[in-house]
Structures are given as structure tokens and as C-alpha cells.
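Reading the structure
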Amino acid sequence: MAYVVAAYGVAWAIHMIYLFTLGAREKELRQSLETLKALGRE
Amino acid sequence: MATNGQLPEELLRIPQPPAAKNWVRLWASITFALLLLGLYEALIGAPTEATMGIYQRIFYFHVPAAMIGFLSFFINFLASIWYLLKRSPRADALAIATAEVGLAFLSINLTTGPIWAKPVWGIWWTWDARLTLTLIIWVMYVSYIVLRQFTPSAELQPRLSAALGIFIFAAVPIDYMAIRWWRTQHPAPVILGGKNSGLDPHMYFAVLCCEIAFLALMATLVRFRYEQEIVKHWLEARRRGVLLTQGELGVTDQGPGIRS
Amino acid sequence: MSFVSLTLETVKRDLRLELRTREAMSAMLFYALLVIVIFSFAFEAEASLTTRVGGGLLWVAFLFAGMVALDRALGREQPDNCLAGVRMSPASRSAFLAGKFASSFLMMAVTEAILLPLFAVLFNAPPTAHWGGIVGTAVLGTWALATNGTYFSAMSNYARQRSLLLPLLLLPVSVPAVIAMVQATQVYLTGEGVAHYWLKLLFGFDVIYTVLGLLLADLVLEAE
């Protein structure tokens, strides 16, 4: 049982880690876009 | 905020990162529902296997992860060729998206594998042909990601990684042969009988559910990553434009995804 | 100028530079020697070890030595931005890469020719060893490493840490070649098993990657 739980846990964890990196990249992109917009307003 | 009249339109044309887009919610909820169904079928729905017992349930995530991972790498290969022929930034965005997502799926395959092997074979790992091949393909795509991280120039990245993508894919059949010959010299532990020998229809259904759920997950993640990369390309082109025109927007507008 | 004469010019130029500076060859030899010495401490260097894993030991030493040559192959062009000059010339990039391949191959071959007898003595190679076969495997194996290595050396040339990136790119793709060369060498060292299909695999690998490398040479050598 523990092995099954571990396997499924690992599978979900890997996807969570990947989603986390996607989120971090998203934040970065958004900041760059904000900077660009701010530059445009000046 | 805008006073010169031209600016609001300019700002509207700035691409949105994918998280703010409508399709994300729809695709993500469909994927999530499919994943929950797959999880239910794998853990509760499917009957328990006779010889391996409960551990066989790991297969419902293990096998589809490998198949979807390899599918992802195959798309990466096609995108690399596409980039080679057309030099399109879209091809490069697809290539990096599929490489990353494929790596995530193959990581799942490679970690759930030993977790299954420990209780069933009594060992974590064996250098059997299929395991070795999977590990090597995984390592090759890690080197693909590493190349992108090590290459500073945004213009060089797509070209070099397309070249590496093709080199990697050419290695796969040769790897397959080499490992097969290597392993037939040293017999590997006997694994299973025929792969699909007497698979219960409900088990088959559970595998299919997970397969479809993973396919949906791959599509969502790839599209998400792809759109991020397109925005990055746009920003890169715009950044150069801004530097050229010293902070004036809209002078060298090139639209999304087109490199100068 | 034809493809062949351009290739030969590149080779001549590389060898001349190497004869003047001797930077790659001396480093390669000393490095490989150190690897062999460290191996003899890491594993008890008895005759039985050689019969079990001799092929592996030999090729790890060759691989490390080769990496130095391959790193220098394009690294040699970095001072004074020589590569920019090469790019500006109308000469074919494939010929330039082919020349780089040939010069790295020659340097690796010379190093290996010195290392091989040393290895035989230090690790007590069995008297039954078939040296002709080992040399043949070394030629095919070095070809495999040199053709992929020059290509990846050109690729890692743009990176911040080029010397670190080269093995990270070269080793994963070369895995089938490494398996084949180690196995064939092992067969010739011990006289057990058959080697011909390993040699065929190695030859196939060489041909595929030489063609692929020359075809895609523009991708890695184009100007930034």
C-alpha cells in the first residue's frame, strides 16, 4: 500500500513542481510586460 | 493614463501571458476531471491483479506517463525539423514546450518504475533494455534543457536546440539496438509474461482513462508553455525595439513572436 | 577551393598551431595518464580486473583525453575572435567542421597510440589479447567521439561555460557508441564473445553522425 501511495504521490508531486516553474515564469513575464507598459506611459 | 491617443491601442496589442486567457480555465478543468476519473479507475475501479496484488495499480500511471512522454519528444523532433526548414519562432516555442513537458512525464515514469520494482522484483533498478533506454532518453533531453540554459543569446537558443533535438532523435534507434545487444549478452531478470496477457477489460479501461487524462494534461501544459514562449519572444523583440528607440513604444512593432 | 582542399587547409592550420603551442597534446597525455594511475588505486589493478572491465577502463581514459582535444578544437579559435574570420570567409562551413574533425581525430589517435602500450603494461593485459582488433575498435570509436565532439564543441562554443557544457552534450548522445566500443574492446581483450556486430554498430553510428554533422554544420557555425 505504501508503495502505491508513494508512486502516486511522486507522480502528482512532479506535476506540481512543473506547474510551479510555469507559474514562476508566468510571474516573470507579467512583470516584464508591466515594466514595458510603464515605459509606454511615460 | 494615455494622453496621446495612440497608446491605448498599443497597449491592447501587448500579448497576454497564458494564465490570463480564457482557454486555460476550460482546458484545465477538463484535464482535472479526466485526471480524477483516471485516478478513481486506477485506484478503486479496476480489479486488483492476482499475482502482483495492489502494486500493479502503479502501472496505471507508470505506462501512460511513458507513452505520453515519448509522444511529447516525438513532437519535439518534428518541431525541430520544422524550425530547421522555416526558422519560425513558433516551431522553437513548440520544441521547448514539448521537451519540458516530455521530461516531466518521463520523470514520472522513471520514478514510479523503481517504486513498483522494489516490492515486486525486490530491487529498485535493473539495467534491463527498456529501463536503460528510457533513462538514456531522459538524460539526453536533460542535456537539451541544459543547452538552452547555458546559451545566453536568445537568438542562438532556437538554432542550437533544433540541431541538438535532431541529433538526440537520431540516437534513439541506435541506442535501442546497442542496449538490446548489450543486454542479451548479460541476461536480465525475467519481468513478465506477454505484456497484455489476459488483461481484464476493466483494467484496460482504467489504462485508457489514464492515457486520455495524461494526453489532455500534456496538451494543456504544452499549450501553456508554448504561449509563454511566444510572449517571451515578443518581449525579446520589443526589448530590442525599445532599446533602439530609447523608450518609445510602437516604433518598431513587430507583432507577437516575430524576431528582428 | 574544393571541399577537400579546404578541409586539408584547416587540418594543416590546426596541426601547425598545435606543434607550436603543444597545449592540447601535452594536457591530453598527462590527463589520461592521471586517469589510468587513479584507476589503479581506485580498483585493485590486478590481471583479473583487466579481464573483467579492461575495456571500460581503457575507454574512460580515452574519453577524458579526447574531451580535452575536442574542447580545444573550437576553443583554439576563441582568442582574437578567429571564428568570426572563418565565418566571414565564403568557404563552406561543412569543410571547416570536417577539418576540425580530422585534426581532433589525429590528435586523439596519437594520444591513444601512446596510451595503449602504457595501459597494457600497467594493467597486465592478458597475453591472448587481440591487439589488431583493439586498434580497429579504437579507430572506429575515436571517429565516433571526434565527429560528435567537434559538432558539440562548436555548439558549446557560444555558452558561458563551454568546457563544462561539452561533456554534458557529448556523453548522452554518444552512449550507444560508448557501449559498442567498450564491449568490442572487452571481447578483443579476453577473446570471449563476438565483436563484429559491435564494430558494425560503431561504423553505422560514425556514418550517420558524420553525415548529420556535415549537413547541419551551418546551424552551429552561423554568425550570431
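Residues numbered from 1 in each chain as written. Chains lettered and ligands numbered in written order. Predicted model: local features only at pLDDT ≥ 70, side-chain atom pairs only at ≥ 80, totals over all residues. Heavy atoms only, no water.

With respect to the overall build of chain C
Helix and strand content of chain C: ten helices and zero strands. Listing every helix and strand of chain C by position from the N terminus yields α-α-α-α-α-α-α-α-α-α. Residue burial in chain C is summarised as follows: out of 224 residues, 55% are buried. Considering only intrachain contacts with a sequence separation of at least 6, the fraction spanning at least 24 residues in chain C is 82%. Of the roughly 9500 Å² that chain C leaves accessible, carbon and sulfur atoms contribute 70%. (Helix = DSSP H or I, 4+ residues; strand = E, 2+ residues; numbered from the N terminus. Buried < 20%, exposed > 50% of the residue type's maximum accessible area, 1.4 Å probe, protein only. Contact = heavy atoms within 4.5 Å. Areas by Shrake-Rupley, 256 points an atom, 1.4 Å probe, with all protein chains shown as cover.)

Let's talk about the overall build of chain B
Across its full length, chain B carries seven helices and zero strands. In sequence order, chain B lays out its α and β elements as α-α-α-α-α-α-α. When the 260 residues of chain B are sorted by exposure, 52% land in the buried category. Of the contacts made within chain B by residues no fewer than 6 positions apart, 77% connect residues no fewer than 24 positions apart. Taken as a whole, chain B presents about 11900 Å² of accessible surface, with 66% of it coming from carbon and sulfur.

With respect to helix α1 (residues 3-21) of chain C
All names here are of chain C. The end-to-end C-alpha distance of α1, which contains 19 residues, comes to 27 Å, matching closely the 27 Å that a straight helix rising 1.5 Å per residue would cover. The inward-facing, buried residues of α1 abut α2 (23-42) and α5 (93-122). Count one or two residues on from α1 and you reach Arg22, which has phi positive near 55 degrees. (Expected span 1.5 Å × (residues − 1).)

Quick word on the nonpolar core
Formed by 107 residues in total, the largest nonpolar core has its most connected members in Tyr151(C), Phe152(C) and Met155(C). Per-element accounting of this core gives the leading share, 14 residues, to helix α3 (residues 47-75) of chain C. Other than its neighbours up to four places away in sequence, Phe152(C) contacts Leu164(B), Phe167(B), Leu166(C), Leu169(C), Leu170(C) and Val173(C). Listed in part, the 41 residues of the second largest apolar core include Val101(B), Trp116(B), Leu221(B) and Ile230(B). (Core = buried A, V, L, I, M, F, W, Y, C linked by side-chain atoms within 4.5 Å.)

Some remarks on the interface of chain A and chain B
Listed as interface residues are 25 residues of chain A and, on the opposing side, 45 residues of chain B. A combined buried area of about 3200 Å² lies between chain A and chain B, and 80% of that area is made up of carbon and sulfur atoms. Seen at the junction of chain A and chain B, the total is one salt bridge. A salt bridge links Glu100(B) to Arg25(A), with the shortest nitrogen-to-oxygen separation between them at 3.6 Å. At the junction of chain A and chain B, the tally comes to five residue pairs in polar contact (both at pLDDT 80 or more). (Buried area = accessible area lost by both parts, 1.4 Å probe. Salt bridge = Lys/Arg side-chain N within 4 Å of Asp/Glu carboxyl O. Polar contact = N/O pair within 3.5 Å; in protein donor to acceptor, adjacent residues only side chain to side chain.)

Re the packing of α2(C) against α5(C)
Residue and element names in this part refer to chain C. Packing of α2 against α5 brings their axes to within 10 Å, and their N-to-C directions diverge by 25 degrees. Taken together, the axes of α2 and α5 lie roughly parallel to each other. Two packed elements cross with a definite hand, and for α2 against α5 that hand is right-handed. Mapping the contact onto sequence places Ala24, Met25, Met28, Leu29, Ala32, Leu33 and Ile36 in α2 and Met107, Met108, Val110, Thr111, Ile114, Leu115, Leu118, Phe119 and Leu122 in α5. (Axes fitted to C-alpha atoms, helices over the stretch in contact; angles between N-to-C directions. Parallel < 35°, antiparallel > 145°, perpendicular 65-115°, else oblique. Left-handed = near helix turned anticlockwise from the far one by under 90°.)

As for the interface of chain B and chain C
Tallying the contact residues gives 31 residues for chain B and 33 residues for chain C. For the chain B and chain C pair, buried surface summed over both sides reaches about 3000 Å², with 76% attributable to carbon and sulfur atoms. On inspection of chain B and its partner chain C, the count reaches zero salt bridges. For the pair chain B and chain C, the interface holds five residue pairs in polar contact (both at pLDDT 80 or more). When contributions to the side of chain B that touches chain C are tallied by element, the ones reaching two or more residues are α5 (129-150) and α6 (156-185) of chain B. Looking at the side of chain B that touches chain C element by element, the count peaks at 18 residues for α6(B).

Regarding the pattern of salt bridges
It is possible for side chains bearing opposite charge to pair when their charged atoms get close. All names here are of chain C. Overall, the coordinates contain 17 salt bridges over all chains when judged by the stated rule. Lys100 is the partner of Asp14 in a salt bridge, and the nearest nitrogen-oxygen pair spans 2.9 Å. In this pair, Asp14 sits in helix α1 while Lys100 sits in helix α5, placing the two residues 86 residues apart along the sequence. Exposure class is identical for Asp14 and Lys100. Each is buried.

Digging into the confidence of the model for chain C
Averaged over chain C, the pLDDT score is 88; the fraction of residues at 70 or greater is 99%. When pLDDT is averaged over each helix and strand of chain C, the minimum, 81, is found for helix α4 (residues 82-88) of chain C and the maximum, 93, for helix α6 (residues 131-156) of chain C. (pLDDT = per-residue confidence, 0-100.)

Topic: the packing of aromatic side chains
Each aromatic ring pair is summarised here by two numbers: the centre-to-centre distance and the angle between the ring planes. Counting across every chain of the model gives 27 aromatic pairs over all chains. On the numbers, 5.3 Å between centres and 75 degrees between planes, the contact of Trp116(B) with Trp121(B) is edge-to-face. Considering the side-chain rings of Trp59(C) and Phe62(C), the 5.2 Å spacing of their centres and the 80 degrees angle between planes classify their relative orientation as edge-to-face. On the criterion of helical spacing, the pair formed by Trp59(C) and Phe62(C) is a turn pair, its members being three residues apart in helix α3. The two residues Trp59(C) and Phe62(C) agree in class, both being buried. Each residue in the set Phe167(B), Tyr151(C), Phe152(C), Phe205(C) and Tyr209(C) is aromatic and connected to the rest through ring pairs, giving one cluster. (Phe/Tyr/Trp six-rings, centres within 6.5 Å; stacked < 30°, edge-to-face > 60°.)

A short note on α3(C)
Taking 1.5 Å per residue, 29 residues should reach 42 Å; α3(C) reaches 39 Å between its end C-alpha atoms and fits that length. Most pronounced at Val53(C), the bend in α3(C) amounts to some 85 degrees. (Bend = angle between axes of the 7 residues up to and from the residue.)

Overview of the environment of Arg180(B)
Note that Arg180(B) resides in helix α6. A sequence separation of 50 residues divides Arg180(B) from Arg130(B), and the C-alpha atoms of the two residues are 8.5 Å apart.

Some words on the environment of Asn124(C)
Residues and elements named next belong to chain C. With respect to the helices and strands, Asn124 occurs in the loop between α5 and α6. Taking the relative accessible area as the measure of exposure, Asn124 reaches 42% and is therefore partly exposed. Separated by 76 residues in the primary sequence, Asn124 and Ser48 place their C-alpha atoms 9.0 Å from one another.

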